[in-house]
Each structure stands twice: as C-alpha cells, then as structure tokens.
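Summary of the model geometry
Residue-level listing of the chains:
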Amino acid sequence: MHPLRFTAQTSSNGVVERDFILDEVPGVLWSPVSGPDHAPLVLMGHGGGLHKKTPALMARARDAVTTWGFTVVAIDAPGHGDRPRTAEDEQARADLRQAMAAGDTGRFESISVRYVSSLAERAVPEWQATLDALQKLPEIGTEAPIGYGGGISMGTAIGVPLTAIEPRITAAIFGGGFFVYEALIEAARRITVPIQFLLPWDDEHVDRQSALALFDAFASKEKTLHANPGDHRTIRWIGVDNEFLARHLGQVGASPA
C-alpha cells in the first residue's frame, strides 16, 4: 500500500479541508484549524450515486469539526465521485434504470442487493486501509477514538459490515433507505457498539419492515431508532440525538472560527 498523499488544502471558518489520495482512492479530511492532537475521528460514508463532497455530507462534517472538535474523513465509494466506473458498475446502473422504468420492483430489488453487496465487499477494505494510513499521521495516531457517521442508504450498507469487523470503531450512526439482505443482518448481529439508527418512514422503494429487522438484529446494548416522515430523498430530521457521537467518543470542543 502506498502512503496517503495530500493533494490540496483549504481553510475557512475554523475548518481545514485536505484532499488526499490513498492508492487510487480519493478522500477528504476535515479538521479544526487548532486544537489538541488525537481528537475523535469520524468516518462518513455517502449515499448511492453520490460522492464524498455532497453539500449535506460536507455540512455534517464541518458541523462535527466546529461543534465537537472532531476530525472527519470521507472517501468515494467504488464507482462513485472521482473514481472510474468498472464495467460491472455501468451494467448495474443500466439494469437499475431499466428495472425502474419498467416498474419491475422485484428485479430492481434483486439488482440493488447484488450491486450494493459488491460495493461493500470492495469498500470495506478501502476504509480499513484509510484508517491504517490516517493513524500514521501524528495528529491522529492510534489514540484517537473512532466512530462511523454514515447516514442512510449505501453509507449504512457499507458501514454495517465495516463496523462488524473493525474493532477500532466504537460507536456508529446508521440508517435505512436501502434493501436489506441476509448477509447484512448477520453482520448486524456481530455489532455490539452503541448505535443510532435513522429511518425514513415513507421510503418509496424500501419496505420499512426490512429496516426494522436490521435494527432489531444489532446486538448492541445501547441502540436507538429515530423515524421521521419522509421519502428516500426529502426528509427533515427532527428529534435526532445530535450529541450521540460526542457522548461516546468524547468532546474536544468548538474550534475558533
């Protein structure tokens, strides 16, 4: 594995943003302009068809930095963002469009499960390699507590198997918005760290019962579910425990703007 290489850096409103490349995986690291070393590190996954710098993800990352003093990292999932798509990626996207246009919900689910499972198999080792590389940075090191803040959809489909095998992750935020399959349920049964689960109650593609089954499968002694009205794309989260990660990872404090 090649060392992590920073390619760009900007600073605004108390947040340093550094783009990087690790092997062929592009990522971005947000951190406070000033603060103690070894602050909690939060991994943020993005949704399907999106990328590491969507406005919503960047807003969450910057808020975590300025409010809690966290360091936040995001990487592009395989076939997303700045990464080239393989023939498998292109075929899966084409098949999904065809199934949706035809109103074939069974085929749409089958293709989605197969493709997301493939993405997770590729993405989990990339996240672990990213963690390995970041822990070699002196400002992070092996002392920094680590959490997963993946949000809904594909970010959870990757985050669940990652958290199931990665002992460095000590708390996680997951969510619904995707088709749950048996291997994911099995991974959830191996997770014992505190979990916060966000559920779009009116997702137009996914039966909420599958998300509830996933939540039920987590072996965590502390787990909470927050369900808000809204579909896959348009939902306003109210009543979410915004202090969840700070409570479990530790709060450093706001950085000066």
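The sections below set out a description of the structure shown in this document.

Structural notes on the overall build of the protein chain
A count of helical and extended segments in the protein chain gives seven helices and nine strands. Here the protein chain has a C-alpha radius of gyration of 18 Å; the compact-globule value for 257 residues is 18 Å, and the two agree. Viewed in the frame of its principal axes, the protein chain has a C-alpha envelope of about 55 × 40 × 30 Å. Out of the 257 residues belonging to the protein chain, those deemed buried represent 54%. The long-range fraction of contacts in the protein chain, counting pairs at least 24 apart against all pairs at least 6 apart in sequence, stands at 67%. By element, 53% of the accessible surface of the protein chain is carried by carbon and sulfur atoms, the whole surface being about 11,600 Å². Positive and negative side-chain charges in the protein chain, numbering 23 and 31 respectively, have mean positions lying 1 Å apart.

Some details on the pairing of strand 3 (residues 25-32)
Among the eight residues of strand 3, eight are classified as buried, and the element is accordingly described as predominantly covered. Here strand 3 shows a buried face lined by Val25, Gly27, Leu29 and Ser31 and a second buried face lined by Pro26, Val28, Trp30 and Pro32. Looking at chain direction, strand 2 (residues 15-22) and strand 3 are connected through eight bridges and run antiparallel. Residue pairing in the sheet places Val15 in a bridge with Pro32 of strand 3. In sequence, strand 2 turns back onto strand 3 through a hairpin of two residues, with Asp23 there showing a positive phi of about 55°.

So, the sheet that holds strand 2
One open sheet holds the nine strands; their spatial order is 1-2-3-5-4-6-7-8-9, and the pairing between them is mixed. Across the chains shown, the open sheet's two edge strands, defined by having one partner strand only, are strand 1 (5-12) and strand 9 (223-228). Each adjacent strand pair in this sheet contributes to an overall mean axis angle of 20°, direction not counted. As judged from the four bridges shared by strand 3 and strand 5 (residues 71-75), these two strands associate in the antiparallel manner. Looking at the pairing, Val28 lines up with Ala74 of strand 5. Packed on one face of the sheet, helix 3 (residues 105-134) meets strand 2, strand 3, strand 4 (41-43), strand 5 and strand 6 (146-149) and runs near 140° to strand 5. Contacts from helix 6 (residues 208-217) reach strand 8 (195-200) and strand 9, with the element oriented near 165° to strand 9.

Quick look at the pairing of strand 8
Summarising burial for strand 8: six of the six residues are buried, a large majority. Alternating positions in strand 8 separate into two faces, Ile195, Phe197 and Leu199 on one and Gln196, Leu198 and Pro200 on the other, with burial throughout. Summarising the sheet, strand 7 (residues 169-175) and strand 8 pair through four bridges and their orientation is parallel. Its bridge partner lying in strand 8, Ile173 is registered against Gln196. With helix 5 (residues 182-188) bridging strand 7 and its parallel neighbour strand 8, the resulting β-α-β unit is right-handed. Judged from the six bridges that link them, strand 8 and strand 9 form a sheet pairing that is parallel.

Structural notes on unusual backbone geometry
Located in the positive-phi region is Asn13, a residue other than glycine, with phi close to 50°. With relative accessibility at 62%, the residue Asn13 sits in the exposed group. A positive phi angle is found at Asp23, which is not glycine, with a value near 55°. Mapped onto the elements, Asp23 comes out in the loop between strand 2 and strand 3. Using a relative accessible area of 36% as the deciding quantity, one classes Asp23 as partly exposed.

The rules we used
- Residues numbered from 1 in each chain as written.
- Predicted model: local features only at pLDDT ≥ 70, side-chain atom pairs only at ≥ 80, totals over all residues.
- Heavy atoms only, no water.
- Helix = DSSP H or I, 4+ residues; strand = E, 2+ residues; numbered from the N terminus.
- Rg over C-alpha atoms; globule rule 2.2 N^0.38 Å.
- Buried < 20%, exposed > 50% of the residue type's maximum accessible area, 1.4 Å probe, protein only.
- Contact = heavy atoms within 4.5 Å.
- Areas by Shrake-Rupley, 256 points an atom, 1.4 Å probe, with all protein chains shown as cover.
- Lys, Arg positive; Asp, Glu negative; His and termini not counted.
- Charge placed at Lys NZ, Arg CZ, Asp CG, Glu CD.
- Pairing = 2+ DSSP bridges.
- Axes fitted to C-alpha atoms, helices over the stretch in contact; angles between N-to-C directions.
- Right-handed = clockwise from strand over helix to strand, strands pointing away.

In short, geometric facts, not functional conclusions.
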